[in-house]
Every structure is written in structure tokens, then in C-alpha cells.
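# A closer look at the structure
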Amino acid sequence: MARVLRLLLAVLFVAAGAAAGGSSRPRPHPLDPLSAAELTAVRAAVLASPLVPARPLHFHYVGLDEPDKPDVLAYAYGGGAAAGSSLPRRAFVIARAGGESHELRVDVTDASSPTVVSHAVHRGAGFPTLTLEEQFAAVALPPAYPPFVDSVRRRGVDMDDVLCAVFPVGWFGAPATARVAKMLCFVAGETANFYARPIEGVTMVVDLDRMAIVGYRDRVTYPVPKAEGTDYRAGKSGPPSDGPAPAPGVVVQPEGRGFHMDGHVIRWANWEFHVGFDVRAGTVISLASVHDADAGLRRRVLYRGFVSEVFVPYMDPVEEWYYRTFLDAGEYGMGLWAFPLQPGADCPANAAYLDSYYAGQDGKPVHGRNTICVFERYAGDVAWRHTEAGFPGQVITEVRPDVTLVVRMVVSPGNYDYILDWEFKTSGSIKFVVSLTGLLEVKGTSYTHADEITADAHGTLVSENTLAIYHDHYVTYHLDLDVDGTNNSFVKNVITTRRNTGDPATGGADTPRRSYWTVRREVAETEADGQVDLGGAAPADLLFVNPGKRTRLGNEAGYRIVPSGATAASVLADDDFPQRRASYTKKQVWVTPYNRSEKWAPGLYADQSTGDDGLAAWRRRNRGIRGEDIVLWYTLGLHHIPYQEDFPVMPTLSGGFELRPSNFFERNPLLRTRPPSGKHGHSPNCSYDGR
């Protein structure tokens, strides 16, 4: 067990304790993530502060406390005293000491002289994100715990093959009196897929502050699933297939990459934006603006966007499973579980990479390599085309290939892997794609054949003695859209069926046509109007528009939300405790007024949260959203019924949505795009047989 833990730590802590003097830009962009030097300065200031004298002190979150939005906008786009000037650099810290959660803001504008500028103690429900270090400390406890040793022995399992993992306990009505978690254990043995071999029926409770096992139950015994057929590693899953396979290929850019990286600012084609990193959210995209060639100016689209939460509830109510209702960002940290991307596999050969830094439990900076990749995608898609054969003796064909820019992070919080893409298109669109892969979370069972199952098993039998439990995935984005400016409105263009009255005065006509549809425009006034269930509402286009900016034809400049799969909403009962914690998953679209403190859909403290903070609680104020600085919260949802093809490792399953310009430009912004020149021979998107 100790050997396995050392290997895991070696993987996770690639360069823990990075040098405080690591390279950093003399004048960082105000939205740049905290550098190694700044994280070191934060640590020094907090540890030296008399405001938190208790020890030990553990850092659970250290992130950028971004400047006020008007100052950032002035810095980025000009106007006001902040235009082009350096803005203060501050960090927001959540630390645990003396059994309390402390919130501190630390000024690191001068990293050589950091200052704690504010301090508060959290008195409400919930606890901060779990640290990697405390999870590893917790899973080292079971091998020395006699009741667990006895349970393992009775199952005929070698303790050296056992791995354990920490699972948040959720919340089920009672006030939280301690920061506890559940621990479940698995058998690795000959396979890397230990999740496929649970020691079913055994549950431990660990007090994370005391770092002691405080609860134990061995309720039921099921066979440990066999290792055979569970490994996914090359050479371990059987001989390579000798069937047909695609030919290898590579992206070639003879003139080099088409994008430019200036620190964290990326410029490509008609786009400019800032890429940041947060240990809870992962990738953060800010200040996205698009160049309007016809107008000859750069126009704002998005101020700041990131994944706010990932809610994954499992659907088995038994003792070992009922609490598995994960909030991956708030409980585990998306950025914390972003491992190095593999060049040529996770990202193509033409990708560039960004590293990251975050604060470990001791506050020292930890260096993450190749955390984010950026690349141009040549997928053989078409940006626009038309063939016209209406002219006698002449065929006119115009085609423009579609090339996009992708910003990618892969997050692996336990058994699942999330591939999170931001895809920028020259049409002005931004596509958001979430792809799921990785390992199923399975339950040990006595069943070896589907015919043996006579009652609700809460999952699919994917192998002998192995049930893959039904579950959901809800990925919620926080998107502060600034369409051509700050003050926007949320509009629903509702498709409405009409009967043909035959009377032009009522929109009809004297023709045999009996019905048609038209559009009823609804402008949301308050937060109550800004909630949409895509599955239950009338069909509609949903737009963010700027009522103060119009095209020359009088249409309001806007962007519309275009779902592309993964539109499931939660079907759990409203009074079920997991649903109360993530009640925003009942609807895919929420619109709220901008508030700098409202970032995390389930609230700032997600571990053992009660639903009294967060998106659903904020919207009860029913604030005005018409002509205001407003935020889009969009939730991708998937009900996952596992199938045998998902085992032992799941092929990628994707869903997403698009923010698409709608009356934003005067015409198709790609109209003047140059046709392919053929300068470098055959296009990499076309096949070529040289025989």
C-alpha cells in the first residue's frame, strides 16, 4: 500500500515546492493566474498573520481575487484611470486552522512585501475543497485499522493489493458537526483498473481534521470481481487488434502556427482572449473579443467564463452508495485534478501548451506541466459553401474550409475523465464541448448473468459480479457575456403556431395553407423570467442582446445559445437532499445579474453544503435583468445508463452548446475569407492516393 501511495504522489506532485523565484512577467495581466512567486508570497503573509494563530494551518483554496470589473475593462479596452495601467494583484484564500474555515485576502502587488488586507471566519454550512494531501493521508489509515484488516482477510484479499479512496458524504438533513468523509476500498492486484474491483459492503468514516477513522461498518459481502478483462493499458488488455484500422495521419502547418501567445493572451484570426487557470474551475477564458472586419473594430463578446460545477449523482439508495452525489469542482477541484496532457494523443502535434501553478496544502506552489493545450483544428469541415447550377452551361461552386482554435483541458477527478474544449470559430461562434471517458464506478454483486436479476439492480451488469450504477453528469458553466458592451438583455424568440385566417390584417393570406409558425419576442425582466427548461418549454431561440447596439437595419446586436445534445435535466425529487444542494440542475438555462461574489453554482463551500447558498438561493431575490450586466449559467446534462461497451474503459461521449452571433454582424463575417490557395499542394483535409 505504501509503495502504491508513493507512486501516486510522484505522479500528482510533478514539481511540488516550485522555486519562489520562478520566471514571471514584470507586469502581469490583471487576470493572469497567480505565479509561483505570488503563491509563495501569499503563504508567507498568511503564516505570519496574527489573525490566524492556530496551527496546523492548511491551505484549501488560493486563487486570484480579480480586480473590479470596470477597472479590468478599462485596462483591456481603454477609458478611465486604469487604461493600460497595472492593477493591484490580490489572492483569495480559504484555509483551515483550529477547526474553522478562514477567508483571507492578500495583496501581492509587491510580492516581496505581501499584506493580509481582510480576514473572516466562515460561520455557515459547508466546508472547503478537499486537499490532495489530506486525501492521501486518509487512505493510508485503513491498512492499520484492525476491523478493516479483518474484513479484508475474511474476503481472501491480500492487503498489499488494496487501494482506498476518499468520497464526500454529501448532506442529508442533519447539521454537519465535523468535516468527515467516507472511505471505500478496492483491489488492484494485476490490474490498473482498481475501480472495477470494489470491496463491496465495507464503509469507513474518516474525520479529516483529526485524521482518524471514526466510523466503520462491514454490512454485506459480495465477491470481489475478477481482474481479468478489466485492464485498459496497452499490452494488458489483450493482443492488438488485427482488424482494419485507420491510416495514421498528422496535422502539418507549413507556415507554422496561426496563433500568437503573449503570456496568457492569445490572438488568432479574428479572436483575442485571455486564458487563465483556477484550481477549482480549471480553465478560465476572459476578455474574449472578435474583430469585425466590415466595421474595422474589435467588439466584446465574453468578459469571463469557466466551469462552475460538475454534479454527478448516482442512483443506488443503499448504504454504500446513497451519498455518492459528487460536486467535482467544489469538493475535489477541477484544476487540482488536471494532469499533464500527452502530446500527440490528448492534443495534436501542432498544439502549444500552458503550465499552471496552484498552492498545495502547505501553501507552497505546485507546478503543473502541460495543463492546457491550444491548437488549430483542421477537421475537414466546411465553413460555408454553395454550388449553383441554375445558369445554363455553367456551374458555380464556392467553398471555404473551416479551421477553428481549440483550448483544451482534461480533468480526471477519480474514475472519470472530462475533456473540456473551448472552440473559437472565425464565424464569431464559441463552441463548448464536454467529452466523457474514463472508468465506470461499479458495484460488486453476486449476479453473473442478466437473467438472474429480478428486482431493480440500479445499474447494468457489465461483467461477472459487476454492476455499473446509473448516474447523471451535469456540467454548469458560468458565462459573463458582454455582447458589444456590459448592459445586455435576455430574449426568448418563442416559436408560435398560427392558423391561417385568410385575412392579411391578422397575418393570414387567401391561400390553401392552413397553418404556419411565427416568432413571439419575450424580453426577460427579472431572474424568474431568465430560467428555461429546454425540454419542457416551447421551442425558442435564446439570445443575449445589447439593446443599445443595432445593425444598420435596426436589429439588436446579439448572441444566441444553440444546444447540441446533452440537454438532460435532473429528474430527482425536489425534496431529495442531493437535489436541494444542486437544485439549479432542474433547468439548463439561468440568467442572473452580475455579482462578483457569485461564481460557484452550489455556493462557495460545496462539501456538505445544504443548498442555502448558490445559484438557486441567489435567484430568489428575483433581481432585474433587463438592460443590465447579466450572466448566463448553462448546464450540460447527461443521464448515463451504462452499457457493456463502456467497460472496462468508456469510449468518449460528447455533448455541448454554441454561442453564435445573431444580428451581431452586418452580414456573414466569412464572406471575404480567401478560398484555399493550393499553395502547399493537397489540402491536409483531402485524401490523396499517390499510386
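One structure accompanies this document, and this report is about it. (Residues numbered from 1 in each chain as written. Predicted model: local features only at pLDDT ≥ 70, side-chain atom pairs only at ≥ 80, totals over all residues. Heavy atoms only, no water.)

### A word on a nonpolar patch on the surface
Condition: Only residues whose relative accessible area exceeds 30% and that form no salt bridge are eligible for patches; like-charged ones are grouped when within 9 Å, while nonpolar side chains (Val, Leu, Ile, Met, Phe, Trp, Tyr) are grouped when within 5 Å. Note on areas: Shrake-Rupley with a 1.4 Å probe; residue coverage comes only from the protein chains shown. Salt bridge criterion: a side-chain nitrogen from Lys or Arg within 4 Å of a carboxyl oxygen from Asp or Glu. The helix count covers DSSP runs of H or I at least four residues long, the strand count covers runs of E at least two residues long, and both are numbered beginning at the N terminus. Note on exposure labels: buried denotes an accessible area under 20% of the residue type's maximum, exposed denotes more than 50%, and partly exposed covers the range between, all computed with a 1.4 Å probe on protein chains only.
A cluster of nonpolar side chains, namely Y470, I641 and Y643, defines an oily patch on the protein surface of about 290 Å² accessible area. Here I641 shows up in the loop between β31 (630-640) and β32 (650-662). Residue classification places I641 among the partly exposed residues on the basis of a relative accessible area of 43%.

### Here we look at the nonpolar core
Stated formally: Here the nonpolar core consists of buried residues drawn from Ala, Val, Leu, Ile, Met, Phe, Trp, Tyr and Cys, with membership extended through side-chain atoms lying within 4.5 Å. In what follows, residue pairs with any heavy atoms lying within 4.5 Å of each other are defined as contacts.
In this structure, F148, W271, F273, F424, Y477 and F490 are the most contacted members of the largest nonpolar core, which totals 122 residues. Ignoring sequence-local partners within four residues, the contact set of F273 consists of H264, V265, I266, I285, S286, L287, A288, L405, V407 and F424.

### Comments concerning helix α4 (residues 132-139)
For an α-helix the count is 3.6 residues per turn, leaving residues at separations of three or four pointing the same way. With 6 of 8 residues buried, α4 is to be regarded as a mostly interior element. Looking at α4, one finds that the buried residues are L132, E134, Q135, F136, A138 and V139.

### Re the sheet that holds strand β5 (residues 115-121)
Backbone hydrogen bonds are what pair the strands of a sheet, in a parallel or an antiparallel way. Note the threshold: Strand pairing is assigned whenever DSSP detects at least two bridges linking the two strands. The angle between two axes is taken between their N-to-C directions and runs from 0 to 180 degrees, where each axis is a line fitted to C-alpha atoms and a helix contributes only its stretch in contact.
Pairing is antiparallel in the open sheet, where 4 strands are placed in the order β2-β3-β4-β5. Among the strands making up the open sheet, the edge pair consists of β2 (57-64) and β5. For this sheet, the mean angle separating the axes of adjacent strands, direction not counted, is 25 degrees. Where β2 lies against strand β3 (residues 90-97), 7 bridges are found, and the strand directions are antiparallel. By the bridge assignment, H58 is partnered in β3 with R96. Running over the sheet, helix α2 (residues 36-48) touches β2, β3, β4 (100-107) and β5 and is turned about 135 degrees from β2.

### Focus on the packing of aromatic side chains
Note the threshold: Here a Phe, Tyr or Trp ring, Trp counted by its six-membered ring, pairs with any other such ring whose centre lies within 6.5 Å, and the pair is stacked when the planes are under 30 degrees apart, edge-to-face when over 60, and tilted otherwise. Any Lys NZ or Arg CZ found within 6 Å of a ring centre and within 35 degrees of that ring's normal is scored as a charge over the ring.
As enumerated under the stated definition, the model contains 30 aromatic pairs in all. Between F172 and F577, the ring centres sit 6.0 Å apart and the planes meet at 70 degrees, which makes this aromatic pair edge-to-face. A residue pair is termed long-range when its members are at least 10 positions apart, and F172 in the loop between β6 (162-168) and β7 (180-187) and F577 in helix α7 (residues 577-581) qualify at 405 residues. Here F172 falls in the partly exposed class, since its relative accessible area comes to 28%. Arranged with centres 5.5 Å apart and planes meeting at 50 degrees, the rings of F306 and W600 form a pair that is tilted. Here F306 is found in strand β14 (residues 297-313), whereas its partner W600 is found in the loop between β30 (589-593) and α8 (615-618), with 294 residues between them in sequence. Ring pairs connect the aromatic residues F167, Y314, W321, F326, Y332, W337 and F339, which therefore count as one cluster. Here the basic side chain of K69 rests over the ring of Y594, its NZ or CZ set 4.7 Å away from the ring centre. Positioned over the ring face of W321 is R324, at 3.6 Å from the centre of the ring.

### Looking at the sheet that holds strand β22 (residues 459-463)
On the basis of which strands lie adjacent, the open sheet formed by 3 strands has the order β21-β23-β22 and antiparallel pairing. One side of each edge strand has no neighbouring strand; the edge strands of this open sheet are β21 (442-444) and β22. Going across the sheet, the axis of each strand differs from the next one's by a mean of 40 degrees, ignoring polarity. Bridging between β21 and strand β23 (residues 466-469) involves 3 bridges; their strand directions are antiparallel. Along β23, the bridge assignment pairs K443 with L467.

### Let's talk about the pattern of salt bridges
Tallied over the entire structure, the rule returns 48 salt bridges. Two residues, R324 and E441, come together in a salt bridge whose shortest N-O distance is 2.9 Å. One end of the pair, R324, is in the loop between β14 and β15 (325-327); the other, E441, is in the loop between β20 (430-438) and β21, with 117 residues separating them in the sequence. Summarising the burial analysis for this pair, R324 and E441 share the class buried. In this structure, the salt-bridge partner of E331 is R581, at a minimum N-O distance of 3.2 Å. Here R581 lies in helix α7 and E331 lies in helix α6 (residues 328-332), a separation of 250 residues in the sequence. Each of the two residues, E331 as well as R581, counts as buried. Through salt bridges with shared partners, one network takes in K69, R300, D480, D482 and D629.

### Observations regarding the state of the cysteines
To keep it simple, the criterion reads: Sulfur atoms of two cysteines make up a disulfide when they are within 2.5 Å.
Under the criterion given, the structure shown has 2 disulfides. At a sulfur-sulfur separation of 2.0 Å, the disulfide partner of C164 is C185. Where C164 bonds to C185 through sulfur, the torsion about that S-S bond is close to 100 degrees, and the disulfide is right-handed. Residue C164 is found in strand β6, and its partner C185 is found in strand β7; the two are separated by 21 residues along the sequence.

### Here's the deal with the pairing of β32
In this sheet, β32 lies alongside β20 in antiparallel orientation, the contact comprising 8 bridges. Pairing of G438 across the sheet is with M650, part of β32. Bridge count for strand β29 (residues 556-564) against β32 is 7 bridges, and the pairing is antiparallel. The residue of β32 that forms the bridge with R560 is R660.

### Focus: the pairing of β7
Summarising burial for β7: 8 of the 8 residues are buried, a large majority. Residue alternation in β7 divides its side chains into two sets, V180, K182, L184 and F186 and A181, M183, C185 and V187, and both sets are buried. Relative to β7, β6 is paired through 7 bridges, and the arrangement is antiparallel. The residue of β7 that forms the bridge with F167 is K182.

### Here's the deal with unusual backbone geometry
The amide bond that connects R55 to the next residue, P56, takes the cis arrangement and shows omega of 5 degrees. Within the secondary structure, P56 sits in the loop between α2 and β2. Between F647 and P648 the backbone carries a cis peptide bond, its omega angle lying at 5 degrees. For P648, the position within the fold is in the loop between β31 and β32. Positive phi, close to 60 degrees, is recorded for D484, a residue that is not glycine. Here D484 lies in the loop between β24 (471-481) and β25 (489-499). Notably, Q608 is not glycine yet its phi reads approximately 60 degrees, a positive angle. Mapped onto the elements of the fold, Q608 is located in the loop between β30 and α8. With relative accessibility at 6%, the residue Q608 sits in the buried group.

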